[in-house]
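Observations on the model geometry
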Amino acid sequence: MDSPTTSQASETLKKFLLTDRNGKRILSIPEGFYKGWIPKALYTYQVDELYVPFLKLFSFPVAGTALGSLKDMLIFHAIGNYLYKLPKSFDQCSLITDLNLGFNHFSEIPSAVYNLTTLVELSFAENYIESIAPEIGKLTNLRVLNLSGNCLSEVPDELSRLKKLQILNLAGKWYPRGGLELVPLPVCSLPELQELDLSWQKIHTIPDQFGNLRKLRIFNLRGNFLMYVSMKIHNCEKLVNLNLTGALRYCSVIPEALFTLEELRTINLSGNFFTEIPSKVCELRKLRVLIMQRNALLRLPVELFSLRHLEVLEFGENYIEKLPEGISNLKQLRFLGMERNCLHVIPDEICLCQSLITLHLGSNKLEKVPELIYQLKNLSDLSLNDNNLTELPLLLDRLEKLKLSECLHLWNNKLKRPPQAICDQGVHALFPFLQELRISEAKHRKKMILIGAVKAGKTSLRHALTLGHSHLTAEHERTWVLERHLWEPRSELRVQILDFGGHHIYSAAHHMFLTPEALHLLVFDLSKYTSEEYEDLIGNWLEAIMDRAPGAKIKIVGTHADLCNSQDIKEKVEDILRKIHKNEKTNMDDLKNEIARIQKILDMPEARLNRGEFTEIGLERLKEKRNHMEKILSSRSALPHSIQVVSCAKDLEGLDEFRTELINDLTETEEMALPKSWYRFLQEIQAHQERILPWNEALHIFIRVMGSFNQSMIAMGGSPDLSMIMVLMYLHRMGEIVWYDKNPKLRSIIFHRPETLVEMLRAVFRHNFKEVVVFEDTHGNSAGLTKNRFDSLKEDFLEEGLMSYELLHYCLLHFELSSDDLDTFISLMLKFDLCFEVTKSALSPNRLASVCILQFPWFFKPEMPESVENAWPERTPPNQFELCYHLHFTNKRPPHFFAKFSVRLHNYFTDRINWKYGVLGRKNLSKVLVKRTTVEGSTFVSVSVRGSDLQEMWGLILKTKSDLLNLLQEWPFIRFELSLVCSHCILHNIEDPFRFPGEVLQLTVPKNVYVANWCKKAQNKDIPACFVYPLDQEDQVDLQTHMKAATEFLMSSLTLDDVDGMSCKSVLLSEAGLAFVASDLGFNWSLVMSQLGIAQSHIEVIQLDNPNQTYKQILSCLRKWKDSSNNSDDDKIEELLRVLGSTEIGRMDIVEKIRDKFQL
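Conventions we followed
- Residues numbered from 1 in each chain as written.
- Predicted model: local features only at pLDDT ≥ 70, side-chain atom pairs only at ≥ 80, totals over all residues.
- Heavy atoms only, no water.
- Helix = DSSP H or I, 4+ residues; strand = E, 2+ residues; numbered from the N terminus.
- Rg over C-alpha atoms; globule rule 2.2 N^0.38 Å.
- Buried < 20%, exposed > 50% of the residue type's maximum accessible area, 1.4 Å probe, protein only.
- Contact = heavy atoms within 4.5 Å.
- Core = buried A, V, L, I, M, F, W, Y, C linked by side-chain atoms within 4.5 Å.
- Patch = residues over 30% accessible without salt bridge, like charges linked within 9 Å, V, L, I, M, F, W, Y side chains within 5 Å.
- Areas by Shrake-Rupley, 256 points an atom, 1.4 Å probe, with all protein chains shown as cover.
- Salt bridge = Lys/Arg side-chain N within 4 Å of Asp/Glu carboxyl O.
- Pairing = 2+ DSSP bridges.
- Right-handed = clockwise from strand over helix to strand, strands pointing away.
- Axes fitted to C-alpha atoms, helices over the stretch in contact; angles between N-to-C directions.
- Parallel < 35°, antiparallel > 145°, perpendicular 65-115°, else oblique.
- Left-handed = near helix turned anticlockwise from the far one by under 90°.
- Nonpolar A, V, L, I, M, F, W, Y, C, P; charged D, E, K, R; others polar.
- Phe/Tyr/Trp six-rings, centres within 6.5 Å; stacked < 30°, edge-to-face > 60°.
- Expected span 1.5 Å × (residues − 1).
- Polar contact = N/O pair within 3.5 Å; in protein donor to acceptor, adjacent residues only side chain to side chain.
- pLDDT = per-residue confidence, 0-100.
- Disulfide = S-S within 2.5 Å.

So, on to the overall build of the protein chain. Looking only at helices and strands, the protein chain features 32 helices and 40 strands. For the protein chain, the C-alpha radius of gyration of 47 Å lies well beyond 32 Å, the compact-globule estimate for 1160 residues. Oriented by its inertia axes, the alpha-carbon framework of the protein chain measures out at about 155 × 75 × 65 Å. Residues classed as buried in the protein chain amount to 54% of the 1160 residues present. Across the protein chain, every contact between residues at least 6 apart in sequence was considered, and the portion connecting residues at least 24 apart equals 56%.

Our focus in this paragraph is the nonpolar core. Within the largest apolar cluster, 138 residues are counted, with the highest numbers of intra-cluster contacts made by Phe76, Phe90, Phe210 and Phe315. Sorting the residues of this core by element identifies α3 (420-423) and α4 (427-441) as the ones contributing at least two each. By residue number, the principal contributor to this core is α4, which donates five residues. In this view, Phe315 contacts Ile277, Leu290, Met292, Leu297, Leu300, Leu304, Ile320, Gly337, Met338, Glu339 and Asn341; residues no more than four positions away in its chain are not counted.

With that settled, the discussion passes to the side chain of Thr358. By the secondary structure assignment, Thr358 is in strand β18 (residues 358-360). Leave out the neighbours within four places in its chain, and Thr358 touches Arg334, Phe335, Leu336, Leu379 and Asp381.

Turning next to the environment of Cys985. On the secondary structure map, Cys985 appears in helix α23 (residues 983-987). A relative accessible area of 0% places Cys985 in the buried class. In this structure, the C-alpha to C-alpha distance between Cys985 and Ala1018, residues 33 residues apart in sequence, is 8.4 Å. Sequence-distant contacts of Cys985, defined by excluding residues within four places in its chain, comprise Ile990, Pro993, Phe994, Cys1015 and Lys1017.

Where nonpolar side chains cluster on the molecular surface, the patch consists of Phe58, Tyr82 and Tyr84 and spans about 320 Å² of accessible area. Tracing the backbone through its elements, the reader meets Tyr84 in the loop between β4 (75-77) and β5 (98-100). Overall, Tyr84 belongs to the partly exposed group, its relative accessible area being 45%.

So, on to the pairing of strand β24 (residues 519-525). Counting buried positions along β24 yields seven of seven residues, so the element is predominantly enclosed. A two-sided burial pattern is seen for β24, the buried positions comprising Leu519, Leu521, Val523 and Asp525 on one face and His520, Leu522 and Phe524 on the other. Bridge count for strand β21 (residues 444-451) against β24 is four bridges, and the pairing is parallel. Counted as the bridge partner of Leu450 is Leu521 from β24. By the bridge criterion, seven bridges tie β24 to strand β25 (residues 553-559) in an arrangement that is parallel. When the sheet's bridge partners are listed, Leu521 is paired in β25 with Lys555. Taken together, β24, helix α6 (residues 534-548) and β25 constitute a β-α-β crossover, and its handedness is right-handed.

The next subject is the packing of α6 against helix α7 (residues 566-602). Their axes nearest at 11 Å, the elements α6 and α7 cross at an angle of 45°. Between α6 and α7, the interaxial angle falls into the category oblique. The hand of the α6/α7 crossing is right-handed. Here α6 contributes Tyr534, Glu535, Ile538, Leu542, Glu543 and Met546 to the contact with α7, which in turn contributes Ile576, Lys579, Ile580, Asn583, Glu584 and Asn587. Here the contact of α6 with α7 is built from residues that sort into six nonpolar, two polar and four charged.

What follows deals with the pattern of salt bridges. Tallied over the full model, the rule gives 29 salt bridges. Here Arg704 ties to Glu684 by a salt bridge, and the two come within 3.4 Å at their closest N and O atoms. On the criterion of sequence distance, the pair formed by Arg704 in helix α12 (residues 695-708) and Glu684 in helix α11 (residues 676-686) is long-range, its members being 20 residues apart. Assessed through its relative accessible area of 27%, Glu684 is described here as partly exposed.

Glancing now at the environment of Leu264. Turning to its location among the elements, Leu264 is positioned in the loop between β13 (241-243) and β14 (266-268). The buried category is assigned to Leu264, whose relative accessible area is 0%. Not counting residues within four places of it along the chain, the set of residues in contact with Leu264 comprises Leu239, Val240, Asn241, Leu242, Leu284, Lys286 and Leu287.

Quick look at the sheet that holds strand β33 (residues 911-915) now. Taking strand neighbours across the sheet as the criterion, the seven strands line up as β33-β34-β35-β36-β32-β37-β38 in an open arrangement whose pairing is antiparallel. Two strands close off the open sheet at either side, each with one partner strand: β33 and β38 (995-997). Ignoring strand direction, the axes of neighbouring strands in this sheet form an average angle of 20°. Judged from the six bridges that link them, strand β32 (residues 881-889) and strand β37 (residues 976-981) form a sheet pairing that is antiparallel. Bridged to Cys884 within β37 is Val981. Of the strands in this sheet, β32, β34 (918-923), β35 (926-935), β36 (938-947) and β37 touch helix α22 (residues 950-968), which is tilted by about 10° from β32.

Our focus in this paragraph is the packing of aromatic side chains. The tally for this structure, following the rule as stated, stands at 27 aromatic pairs. On the basis of an interplanar angle of 70° and a centroid distance of 6.2 Å, the ring pair of Phe524 and Tyr529 is categorised as edge-to-face. A residue is classified by how much of its surface remains accessible, and Tyr529, at 4% relative accessible area, is buried. Ring centres of Trp1014 and Tyr1029 lie 5.5 Å apart, and the angle between their planes is 75°; this geometry places the pair in the edge-to-face category.

Turning next to the pairing of β37. Pairing of β37 with β38 involves three bridges; the strand directions are antiparallel. Residue pairing in the sheet places Val981 in a bridge with Arg995 of β38.

If you walk across this open sheet you meet the three strands as β29-β31-β30, and the pairing is antiparallel. Of all strands in the sheet, those bounded by a partner on one side alone are β29 (802-804) and β30 (836-838). Across the sheet, the mean angle separating the axes of adjacent strands is 40° when strand polarity is ignored. The pairing of β30 with strand β31 (residues 853-855) spans three bridges and is antiparallel. Across the sheet, residue Val838 finds its bridge partner in β31, namely Ile853.

Here the focus is α7. For α7, built from 37 residues, the straight-helix expectation of 54 Å at 1.5 Å per residue is met to within 8% by its first-to-last C-alpha distance of 54 Å. Its side-chain oxygen 3.1 Å from the backbone nitrogen of Gln567, Asn565 forms the N-cap of α7.

A few words now on the confidence of the model for the protein chain. Chain-level statistics for the protein chain give a pLDDT mean of 86 and a share of 92% at 70 or above. Averaged over each element, pLDDT in the protein chain is lowest for helix α25 (residues 1056-1059) (46) and highest for strand β7 (residues 144-146) (98). Confidence drops under pLDDT 50 across residues 1056-1061; counting only partners more than four residues distant or on other chains, this segment forms six contacts.

Glancing now at unusual backbone geometry. That bond from Tyr175 to Pro176 is cis: its omega, -10°, falls within 30 degrees of zero. Mapped onto the secondary structure, Pro176 falls in the loop between β8 (167-169) and β9 (195-197). Residue Arg417 is joined to Pro418 through a cis peptide bond whose omega torsion reads 0°. Residue position: Pro418 is located in the loop between β20 (407-409) and α3.

Our next topic: the environment of Ser1142. Tracing the sequence through the fold places Ser1142 in the loop between α31 (1129-1141) and α32 (1148-1157). C-alpha separation for the pair Ser1142 and Phe769, spaced 373 residues apart in sequence, amounts to 70 Å. A distance of 2.7 Å separates the side chain of Ser1142 from the backbone oxygen of Val1139, its partner in a polar contact.

A separate point is the state of the cysteines. The final tally for this structure, using the stated rule, is zero disulfides. In this model Cys188 remains outside any disulfide bridge; the closest cysteine sulfur is found in Cys236, 8.7 Å from its own. Judged by its relative accessible area of 3%, Cys188 falls in the buried class. In this model Cys985 remains outside any disulfide bridge; the closest cysteine sulfur is found in Cys1015, 3.5 Å from its own.

Below you can see the structure in the form of structure tokens.
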């Protein structure tokens, strides 16, 4: 029986016994748990695997005689002990496949081992074995044999019987070195050998027989004495890794045979004495890793850089003075080691090795680092210590991965810019310093705008330019509204990039950012271009830039070149350039002709003497128009004569040339560094925490900053206000801030961080608003919205474009805007015609709780609401007039103009019905219908007004016409025809009505002309002059007479069919009937009203409301009489006729006319 101590040890041993998921029993004793012994209970466990590492064992329990009892054992590892023999019984472990007795004291391989014919893996590494017995040939199942770190001087021929051997390690000790002088010939007869290690031997020859190892993949000959390598080595067709470190010191050149290894991936030639690399290195076409540290290399061959698969180049500790041209060909290079050489310069093209992760350049003689090193976006380890550097590239901080790794080594240089003391503190001190230095010293500050149709490739182009490599835009990464990014291709150049989304909704905000100072890149998808798509892809966008940013520089960029062949590209480019210049020539010719026509009029004697048909106002308008056109002519942007063709896909076709040209264009202007005081002011305002900076706060900061620099205001603008205006205008032009100096209300605020304005617009103008804007309880509470209320307001926006103040607050909640800031943002959107404010009284009751409601025409539905047909019947009602004008675009329709026109129309309506292509509105007694229609490719805009008050109707016609024409000035080369539709034809429902030229709308009704034969569709019939010429909105002298002509015409045109079921009496009491009566009453009209029961005080109030407008006074009194009387229609008419026919009034002529016309 075991003693208590032994029993306790046995129990402890049992704790190390485990069973894996496959049922194998594994005994693994922790390293050093027992020291020099193991409990003999070991033999009681039938284990499959036994591990006894580093236990200081000299032998096993009971001298190991029972070791053979472990007959089920498959794996036995006893590394790191003092074992020097095994019992003969060990060969009874006949199932063992893996035996590892490395790091012991064996002087020979125990004979029992040779009987373990099941062995697959055998290791006696790091022992003292001097020879291998011939019995090794019995182990025919061996696949791995590790005898490294022993003292072998020969190998038995029987080793060649191990036909299944795949891995053989015969490396000697570093000292004393092994005794093998030739690659053992038995080794050359192992057909399945894949890995061979013969390091630290004395081998001087690789024989011809070595070529028999056709499956050899890895060969290590480190630390040998090679002098000859057989050319037969090229038969080792699968050799991919060759280590010859310190093995070729007796060779003056690299053996030629090595360059025949076409499949070689890695070669290490370090620690030799080579002075050059033969040009034949280019024959190693699949080489990925080349290591040649500690040689005597003086130069590198150009051919080396033709090996496009190279990933690692290590040439540390040589004498190389420069890198030859061509390193930029190594697109897959990840590691470049050039430490401890004699380099004076690093070529700029190294910055094109975009895959570089590690760049070691320490201990050279470098005086500068390439400016464009920041393009190495993957660089995370950069060593520049022990050089002669005096300055660093100011864009070094753009290396984000270097910042994360903190592996930037700069010690022992002569740095002054930035100071060495800053550099020695590491990236967290250095990078912010570089950024501040760069911003303050930039000599060129530019704004660049990317604009074009949806999916043109704008964002992918931006990525290619700024990142230096391909990053194609995924669907979820597409730009919505616009994005703002900083691009610093050089330390002296700062470019604010505005990337405009191409969706039609986003174009609403584009004109807020287009400026003449910016460089505009018009981007289009070349692969989708056809002549028919010219306007949508290029033409409309080009004119938008030229019209809104006169004088701006424009470049046209065709993307997706990789999807087109060269012939397609040539034909498409030629077609585009032909259309661009043809259209521009037509526009310029039209403009010059119009200027000449106006000048001809102004030169006429009648115009110079200001008499005849030329009124003073008319002449001034002509002069203004001429001056405006001359300004357009003189400030027109120069059209590009070429188109940049690029691909943003992997190869970035044409991108390098385009990028270089772009940078040259951006820096061609005169240098202008930002004054230190201006830069400090910019820093101060951008540090302001609020999203929007009020003028007064900005002025306070400005005065304080200028005072700290002793800056004279007189030298700048004369006063703090004027001086700050000058600075703000410059910063706005350069894209550093956004400030609208020409708008009185918006002038009082500054968007000191432009991304704030961009993000605020993006929060509203989303094409995917429905999916993105969702309710969250926390945000809802902050905005004062419940889930139901939010859902209702969101539906209003999606269905009708109605954005409540509360929903807008919710969308902008993360900006933490004050009420004043939110009001300012609303004013901004109103100013740029992005929306209009809806009067709450016109809304449904569930919206009355909102502070205000904004409506965005960009989100209107395309379908016309059914209510429009009811409110606006096809034929004009019998008791109403109708005025209408048409605008026909003769060449093309300006993009998105109708949404802006819809915004401006809100100035004239009290309520309205909206859809994408029309508006039906009301003002007092008049209705207005505005529609956009397309017929056979031509676009028309019609504005129709119905009502009874012709003067009010003409006012609406003229105001909408004026707004429409003013809006179209944004597209000065859009050609259109304006015409007035004949009211006579409308009232008589003539299918093809006569149209008067639009010039009639510039005049007023002629003096003393009330009717004439105006309409060519009714040559024998006079029509009222006020149907053709606008009534003067100020002159009321002839108004009553014109209304009499109009109402008589209207009444004469009525038939029983027109009345459509209405009684003649009802027609008389309608607006048209009352207008008919009002137009005939004369000077004693107030007496008529008194006898009809209208109090004198009411008459006087009406007179005060309509001063000097007799006709309107009469008509208003008649309306009041009709509406205030409780009598029936019959009684009202009888009363009216009685008063008019009374002796006191004596207007039987009107009575007879009424009876005759209305059949009374």
